[in-house]
There are 4 protein chains.
Amino acid sequence: MASKKLLLVDLDCGVDDAQALMSALAAPGIEILGITCCHGNTTLDNVTCWPRHILYCSTATLDNAFLQIPVYKGASAPLLGYGHSIHASNYHGKDGLGDVPDLSAPGLENVQKEHAVLAMLRLVSLVATGPLTNLALAVNMEPSFPQKLKSLFIMGGNMESRGNVTACGEFNFTCDPEAAYIVLNAYGCPTYIATWEFTFKNYLSWAFHDKWINQETRKAEFMRKICAHAAEFTEKCSDTEEDWTKGFVSCDSYAMAAAVDESCVTGAINCAVSVELAGTLTRGMMVLDITGKLEKKNKAFVITKFDMEKFERFMMAALK
Amino acid sequence: MASKKLLLVDLDCGVDDAQALMSALAAPGIEILGITCCHGNTTLDNVTCWPRHILYCSTATLDNAFLQIPVYKGASAPLLGYGHSIHASNYHGKDGLGDVPDLSAPGLENVQKEHAVLAMLRLVSLVATGPLTNLALAVNMEPSFPQKLKSLFIMGGNMESRGNVTACGEFNFTCDPEAAYIVLNAYGCPTYIATWEFTFKNYLSWAFHDKWINQETRKAEFMRKICAHAAEFTEKCSDTEEDWTKGFVSCDSYAMAAAVDESCVTGAINCAVSVELAGTLTRGMMVLDITGKLEKKNKAFVITKFDMEKFERFMMAALK
Amino acid sequence: MASKKLLLVDLDCGVDDAQALMSALAAPGIEILGITCCHGNTTLDNVTCWPRHILYCSTATLDNAFLQIPVYKGASAPLLGYGHSIHASNYHGKDGLGDVPDLSAPGLENVQKEHAVLAMLRLVSLVATGPLTNLALAVNMEPSFPQKLKSLFIMGGNMESRGNVTACGEFNFTCDPEAAYIVLNAYGCPTYIATWEFTFKNYLSWAFHDKWINQETRKAEFMRKICAHAAEFTEKCSDTEEDWTKGFVSCDSYAMAAAVDESCVTGAINCAVSVELAGTLTRGMMVLDITGKLEKKNKAFVITKFDMEKFERFMMAALK
Amino acid sequence: MASKKLLLVDLDCGVDDAQALMSALAAPGIEILGITCCHGNTTLDNVTCWPRHILYCSTATLDNAFLQIPVYKGASAPLLGYGHSIHASNYHGKDGLGDVPDLSAPGLENVQKEHAVLAMLRLVSLVATGPLTNLALAVNMEPSFPQKLKSLFIMGGNMESRGNVTACGEFNFTCDPEAAYIVLNAYGCPTYIATWEFTFKNYLSWAFHDKWINQETRKAEFMRKICAHAAEFTEKCSDTEEDWTKGFVSCDSYAMAAAVDESCVTGAINCAVSVELAGTLTRGMMVLDITGKLEKKNKAFVITKFDMEKFERFMMAALK
């Protein structure tokens, strides 16, 4: 029997964090070792309350194995104490998961006492779908940590200077640019990055979305509820050229799919990457050093192509 | 009889500046009112010596009309006094036009006494193929100048954060970022920008290049000579991913072709643009504000598509 | 007979500009060659209208020699097109000279047609009491200009990181940091700088001020009028620690006095200086490189001590 | 019986760290709860080895109480992974304490297993004499930590833009500007800062130094040895204007003396402070917001005057 792939998930719930997590829970051969929580789409307390509810919704049977997955509270603010626009409640709702009246996150009672960063230091494989504050603190506390990691999967940053919160900056990176800088420079392990441009160019069709969300399962019902708010926001939205609204974009799910099955990644630029910290217009922008001008050793895989069929199956399974 | 289109050319010769200028000289319905010179690919003195030689090479007959086009000396250094790598002699040769032993630029004797910036202020339509120092000084001296311009065509900047002199910075903009910033912010006239990414993605085939350069004319002979050095450099070059060497890229000629015939431009993003001045990794990078986050009034046309057939005809005529 | 000292005055009227100019007009052995105007304390048009009125008020007799001094219009905005807080009308009044109902600046009719920057390039000695935009443009237009200057006297910048418009930035420098940077780096001539900290630490007593302003002369009457607004502002002001309100501080007059008689300067730090352009908190701050870490050739004299008796005589004469 | 003052010392040994620590150990009414170590003057491993040796040298009797003071290993590098000039071995010696041949730091055997940052979070009063990396990590891990602190004493930063490692930057702050920024912004407890300018202007006389170091005690003998290297460096040094070599400057001891006895502080500016992160010339510079322009709530006491008699007694006792 093949050994399971062990995964730590660092997230900032978030509708797409929920989508990504549910997909991973449904994937075969994966064991989620823990869930570490980071400020981001909503406050740290909100973020920390949701995972156990998602785990609960994802267990169709009375099998409570999922409920044993420990949840850890991490950083409540960016390293420098301020971010672009602390939260993204216009999209994700004030509670981070669509402000659904008849859903309510459980309290913080069952959350682990250990700090997310310290828990992270004991573990071995990592997907990060929120700001990278916890990961930055982990390497600052323990510089040898990245050497222990088998691989790191990140949703964040951008590759063609198209931002979603500033002209050039993507949410997760702009939320804590120093943390992103630290992680991209200090994590020497194999690193895969699903950028904002990559995700919105590789959208799923609305037809897929409708089929996906209209499955007659408890999980699909849950998803329908938490997605309603974001869908409404997207409809009103009229971002021109980029047209990221012409399909269904579940940003975090790309990083998660790659973590679960690396063969999803069918194309990537392998180059050094960094983050602009000082810029007036570009603070938080991810920089690709394609021609080696920065003379950095660390390289990352900036994902450019994805096996969309595999990805659709990965997503579809989440709500079955 | 239709009136001629009047054009002022600001350049920093430069092999591709020469290509662009010769194409414009060969184009019907165009009158070049003057040539203003800017530091850039080579020193200002070098830049200023070449135009009259190019004009001379471009007149097949004894008709000396071209030799009446006045040449003006402009700014010898970027506004702040330092640029990225002052010149680009590795590509353009030490003298700016391929270091051809049996060619030598005439002296500065016949250059106008008036400063390029002051000449510019008297004129009406503008193509800029070098750093934008002269244009910045012009608007700093005379804030109402841009209102008099019918249109402005620029080769420079980038649109997807791919640089050629720094990780994110294109040569002309990075050479004098403050000048580029001033021009993009203060020039309210219709402005068309051919960026580095646009030009290298819309390369001409090497087959075209060979046919173009092997015409049996005096102009083609001149071009063969001045291109040899750059061709050698390109061959040695192994820039990966971008692969800007897989075709013939005459950067400045795109801006010139658009100036001569706007219908060459078949696609463009119309958005506010600016330049990062403060960044550590991104200083000099052009920023596109596609979704209006910067709340700027001025918009430019960032060229995305070109009528390549027209462009080939425009180029081919240059050496006939 | 000793030859006169020839001086060009670049100013941004301003109450203390007026004070400085009137003092220089009253000083023996000085010939003012011209007055160039720069945006700053008020709009360029306002600035440009006042000098002829001041010249008129400074001629007690029917001798109109002062009225022959040419006035030139210069830059209307900082190089990058925006400054800290464009003007300082809270202190200097909306018209730049105290909003005195029965005074009104003459129009722009008698202003020279030549641009201030071009006029500057023909001249030989320079005092600058406003933002340095004109001086920056002059050296950008003509890099050899500073070599022709005998000496340069500047009011502006700071030497101990105490600002008056931002936490660390003085008005003239913060108004156009790039211009200040260019001037401090490109002007190789002997340069004397009267910083904000220097001026407010070397205030004149209010007793002197009262004696000075209550002389029974037409000039004193003019001064009383234009100073009233600023005095009112100062009284309301409660800047703590610095306590720049405990005496009479005529900032620009220190630079002018030094220009008229260098022996006023009895102490100075001779070191390389520069200006921070990129800082978030310190943009526009003057940096002293006392221990040579920047390895710059150019050094300036940052004034630390002044012959206050000479200075009082210089000021007192202005209104006689 | 009065209760003892409880103190945690965060240091980066360092000759003056040793001086400060020995003075505190000799002071009555003080209990040192622990020593946390930070990269800085030398590598983290070097820094971490020395405290136990200093403790050993400071116990004249067989009383081993000092040897019970726990020593914790903290951050080995600045938050962003790079600092100005990682270490200051030219002054402090390669091993951080003067490279004395017959002294050698014990190994790391007796160092606590707990991370310095986690130890810090359990404790209550703090003196920091090195880069502020540990303190920044502490508040990033636990935002409520500063509320628990009674007071914080820092040696670092500057107050008049005079730097010692860059033109405007002091060593401890420039070594990790982000950490300094985080601490100055996030620590709401009463905070006292002994800046570089404050310390070098309040030097002790060389006569005092000679008397101090020539006491016939084991501690003085130890001090003579570890100071020799730094004294040699200072003699060679010829920093002009500042003249910080005209007296004996034990930087860290001022912060320690203030921590031990707050009445040493006889003058201070109480204002908001911050750190420039983005500047090209001023990165790492401490900014004093004397006139409230930054509109920050947190204020610190920037020390300006000291009871030098008390300070001499404090220092003298260290080697008795």
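Everything that follows concerns the structure shown earlier in this document.
Bear in mind that the values here come from a model prediction, so they are computed numbers and not experimental data.

Asker: How would you explain the packing of aromatic side chains if you had to name every residue and give the values?
Answerer: Residue and element names in this part refer to chain A. For the structure on display, the rule yields 48 aromatic pairs over all chains. When the centroid spacing of 5.1 Å and the interplanar angle of 10 degrees are considered together, the rings of Phe 153 and Tyr 192 count as stacked. In this pair, Phe 153 sits in strand E5 (residues 152-155) while Tyr 192 sits in strand E6 (residues 191-194), placing the two residues 39 residues apart along the sequence. Assessed through its relative accessible area of 2%, Phe 153 is described here as buried.

Asker: Lay out the interface of chain A and chain B in plain terms, naming residues and giving numbers.
Answerer: Contact with chain A, which involves 31 residues of that partner, is made by 31 residues of chain B. At the boundary of chain A with chain B, total buried surface from both sides reaches about 2,400 Å², with 61% on carbon and sulfur atoms. Looking only at chain A, the three residues that lose the most surface to chain B are A:Leu281, A:Ile290 and A:Lys293, adding up to 23% of its buried area. Linking chain A to chain B there are 0 salt bridges.

Asker: So what's going on with the pairing of E6(A)? Residues and values would help.
Answerer: Residues and elements named next belong to chain A. Taking every second residue as pointing to the same face, both faces of E6 are buried, with Thr 191 and Ile 193 on one and Tyr 192 and Ala 194 on the other. Across 4 bridges, E5 lies against E6 in parallel orientation. Among the inter-strand pairings, Ile 154 is bridged to a residue of E6, identified as Ile 193. Of the strand pairs in this sheet, E6 and strand E9 (residues 300-306) are connected by 2 bridges, and their pairing is parallel. Bridge pairing in E9 links Ile 193 to Val 302.

Asker: Which residues make up helix H10 (residues 206-213) of chain B, and what are the values?
Answerer: Residue and element names in this part refer to chain B. Listed in full, the buried residues belonging to H10 are Phe 208, His 209, Trp 212 and Ile 213. Relative to the axis of H10, the buried residues are bounded by an arc of 115 degrees and lie together on one face. Across from the buried face of H10, at angles greater than 90 degrees, the exposed residues are Ala 207 and Lys 211. In this fold, the buried residues of H10 make contact with helix H1 (15-26), helix H11 (218-236) and helix H13 (308-318).

Asker: I'd like a rundown of the relation of the copies chain C and chain D, residues and numbers included.
Answerer: With an RMSD of 0.0 Å, the fit of chain C onto chain D corresponds to turning through 180 degrees and sliding 0.0 Å along the axis. Taken together, these values place the two copies in the relation of a two-fold axis. With an isologous cut-off of 70% or more, the 100% of interface residues of chain C that recur at the interface of chain D puts this contact in the isologous class.

Asker: Can you tell me about the relation of the copies chain A and chain B, naming the residues and giving the values?
Answerer: With an RMSD of 0.0 Å, the operation that places chain A on chain B is a rotation of 180 degrees combined with a shift of 0.0 Å along the axis. An overlap of 100% is found between the interface residues of chain A and their copies at the interface of chain B, pointing to a shared contact surface.

Asker: If you had to explain the sheet that holds strand E4 (residues 126-128) of chain D to someone new, which residues and values would you point to?
Answerer: Think of a sheet as strands paired side by side through backbone hydrogen bonds, with each pair either parallel or antiparallel. Residues and elements named next belong to chain D. As summarised here, the arrangement of the 9 strands in space is E3-E2-E1-E4-E5-E6-E9-E7-E8, forming an open sheet in which the pairing is mixed. The open sheet has two edge strands, strand E3 (71-73) and strand E8 (286-289), and neither has a second partner. Taken over all neighbouring pairs, the strand axes of this sheet differ in orientation by 30 degrees on average, direction set aside. Of the pairings in the sheet, the one linking strand E7 (residues 265-275) to strand E9 (residues 300-306) comprises 6 bridges and is antiparallel in character. When the sheet's bridge partners are listed, Asn 270 is paired in E9 with Phe 301. Across the face of the sheet, helix H8 (residues 177-186) comes into contact with strand E5 (152-155), strand E6 (191-194), E7 and E8 while running at roughly 115 degrees to E7.

Calculation notes
- Residues numbered from 1 in each chain as written.
- Chains lettered and ligands numbered in written order.
- Predicted model: local features only at pLDDT ≥ 70, side-chain atom pairs only at ≥ 80, totals over all residues.
- Heavy atoms only, no water.
- Phe/Tyr/Trp six-rings, centres within 6.5 Å; stacked < 30°, edge-to-face > 60°.
- Helix = DSSP H or I, 4+ residues; strand = E, 2+ residues; numbered from the N terminus.
- Buried < 20%, exposed > 50% of the residue type's maximum accessible area, 1.4 Å probe, protein only.
- Contact = heavy atoms within 4.5 Å.
- Buried area = accessible area lost by both parts, 1.4 Å probe.
- Salt bridge = Lys/Arg side-chain N within 4 Å of Asp/Glu carboxyl O.
- Pairing = 2+ DSSP bridges.
- Arc of directions from axis to C-beta.
- Least-squares fit on C-alpha atoms with pLDDT ≥ 70 in both.
- Axes fitted to C-alpha atoms, helices over the stretch in contact; angles between N-to-C directions.

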